[in-house]
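Coordinate inspection notes
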Amino acid sequence: EVQLLESGGGLVQPGGSLRLSCAASGFTFSSYAMSWVRQAPGKGLEWVSAISGSGGSTYYADSVKGRFTISRDNSKNTLYLQMNSLRAEDTAVYYCAKERYDYIWGSYRSDWGQGTLVTVSS
Amino acid sequence: QSALTQPASVSGSPGQSITISCTGTSSDVGGYNYVSWYQQHPGKAPKLMIYEVSNRPSGVSNRFSGSKSGNTASLTISGLQAEDEADYYCSSYTRNVVFGGGTKLTVL
């Protein structure tokens, strides 16, 4: 059974940083691309970033490019999202999702974690 | 503003069928058979319901079906049940992954 467990969310001031983690189990982690998708309170889903299985290719939404960095440690079966220069509009539940394939183009999110809440406020 | 357009809400009575549309352009929905649909109950994580326009993952009821015509994809739920009441999101690709704005399904 695929399990994805996010952690690292919390309250941070505008301009601050936070690192999210997603611990994966139940599948061969390095064989699948992974994504982060967020959902602001009362709003819809927004794709944030993705990374290939090897970690060699990364992708970002324009809204976070240059501020967020996605990475993975395949030896620890863990996905990360380093978030810098945080803004109020980054406030959201952040979901970790397993992609169906090793690549992102043409893939889809087959499994999702339960999410971790990030609140950016002074 | 989402890249893909969905109706904000739809409703139906138990046993009826409803269809949720997802309109994009020839650069996303219309250009590739890479449309997926996700169901989300309040306070819960999204769940994959349909992938590659019309395929159902194992374990998803055959009451859920997907299709596409031109730049518009559709999710149809037949034999509506109370448990189907949720938000539904479509997804496709432009330069990257894009989602629709979501549709709230109310079972009357």
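Residues numbered from 1 in each chain as written. Chains lettered and ligands numbered in written order. Predicted model: local features only at pLDDT ≥ 70, side-chain atom pairs only at ≥ 80, totals over all residues. Heavy atoms only, no water.

Examining the packing of aromatic side chains
With the rule as written, the count across this model stands at 14 aromatic pairs over all chains. Measuring from ring centre to ring centre gives 6.0 Å for Tyr95 of chain A and Trp112 of chain A, while their planes differ by 80°; the resulting arrangement is edge-to-face. Separated by 17 residues along the polypeptide, Tyr95 of chain A in strand 9 (residues 92-99) and Trp112 of chain A in strand 10 (residues 109-112) bring together distant segments of the chain. Pair check on accessibility: Tyr95 of chain A and Trp112 of chain A agree, each one buried. Of the aromatic side chains, those joined through ring pairs into one cluster are Tyr95 and Trp112 of chain A together with Tyr38 and Phe99 of chain B. Across the ring face of Phe29 of chain A, the terminal group of Arg72 of chain A is positioned such that the distance to the ring centre comes to 4.2 Å. We note Lys98 of chain A situated over the ring of Phe27 of chain A; from NZ or CZ to the ring centre the distance is 5.4 Å. (Phe/Tyr/Trp six-rings, centres within 6.5 Å; stacked < 30°, edge-to-face > 60°. Helix = DSSP H or I, 4+ residues; strand = E, 2+ residues; numbered from the N terminus. Buried < 20%, exposed > 50% of the residue type's maximum accessible area, 1.4 Å probe, protein only. Lys NZ or Arg CZ within 6 Å of the ring centre and 35° of its normal.)

Some points on the sheet that holds strand 1 (residues 3-7) of chain A
Residues and elements named next belong to chain A. On the basis of which strands lie adjacent, the open sheet formed by 4 strands has the order 1-3-8-7 and antiparallel pairing. Each of the sheet's edge strands pairs with one partner strand only, and the pair in question is strand 1 and strand 7 (68-73). Strand-to-strand twist across the sheet, computed as the mean angle between neighbouring axes with direction ignored, equals 15°. Where strand 3 (residues 18-25) and strand 8 (residues 78-83) come together, 6 bridges link them in antiparallel fashion. Residue pairing across strands places Ala23 opposite Thr78, the latter belonging to strand 8. (Pairing = 2+ DSSP bridges. Axes fitted to C-alpha atoms, helices over the stretch in contact; angles between N-to-C directions.)

Examining the side chain of Gln6 of chain B
Residue and element names in this part refer to chain B. Secondary-structure assignment places Gln6 in the segment before strand 1 (9-12). Accessibility expressed as a relative area gives 11% for Gln6, which makes it buried. Of note is the side chain of Gln6, whose polar atom sits 3.2 Å from the backbone nitrogen of Gly102. (Polar contact = N/O pair within 3.5 Å; in protein donor to acceptor, adjacent residues only side chain to side chain.)

Describing the state of the cysteines
Residue and element names in this part refer to chain A. Applying the stated rule across the entire model yields 2 disulfides over all chains. Disulfide partner of Cys22: Cys96, at an S-S distance of 2.0 Å. Handedness here is read from the sign of the S-S torsion; for Cys22 and Cys96, about -60°, the answer is left-handed. Here Cys22 is found in strand 3, whereas its partner Cys96 is found in strand 9, with 74 residues between them in sequence. (Disulfide = S-S within 2.5 Å.)

Regarding the interface of chain A and chain B
Listed per partner, the contact involves 23 residues of chain A and 20 residues of chain B. Summing both sides of the interface, chain A and chain B together bury roughly 1800 Å²; the carbon and sulfur share of this comes to 58%. Across the chain A-chain B interface, the total number found is 1 salt bridge. Across the salt bridge formed by Arg95 of chain B and Asp62 of chain A, the nearest N and O atoms sit 2.8 Å from each other. Elements that contribute at least two residues to the side of chain A that touches chain B include exactly strand 4 (34-39), strand 5 (45-51), strand 6 (58-60) and strand 10 of chain A. A breakdown of the residues in the side of chain A that touches chain B according to their chemical character gives 11 nonpolar, 7 polar and 5 charged. (Contact = heavy atoms within 4.5 Å. Buried area = accessible area lost by both parts, 1.4 Å probe. Salt bridge = Lys/Arg side-chain N within 4 Å of Asp/Glu carboxyl O. Nonpolar A, V, L, I, M, F, W, Y, C, P; charged D, E, K, R; others polar.)

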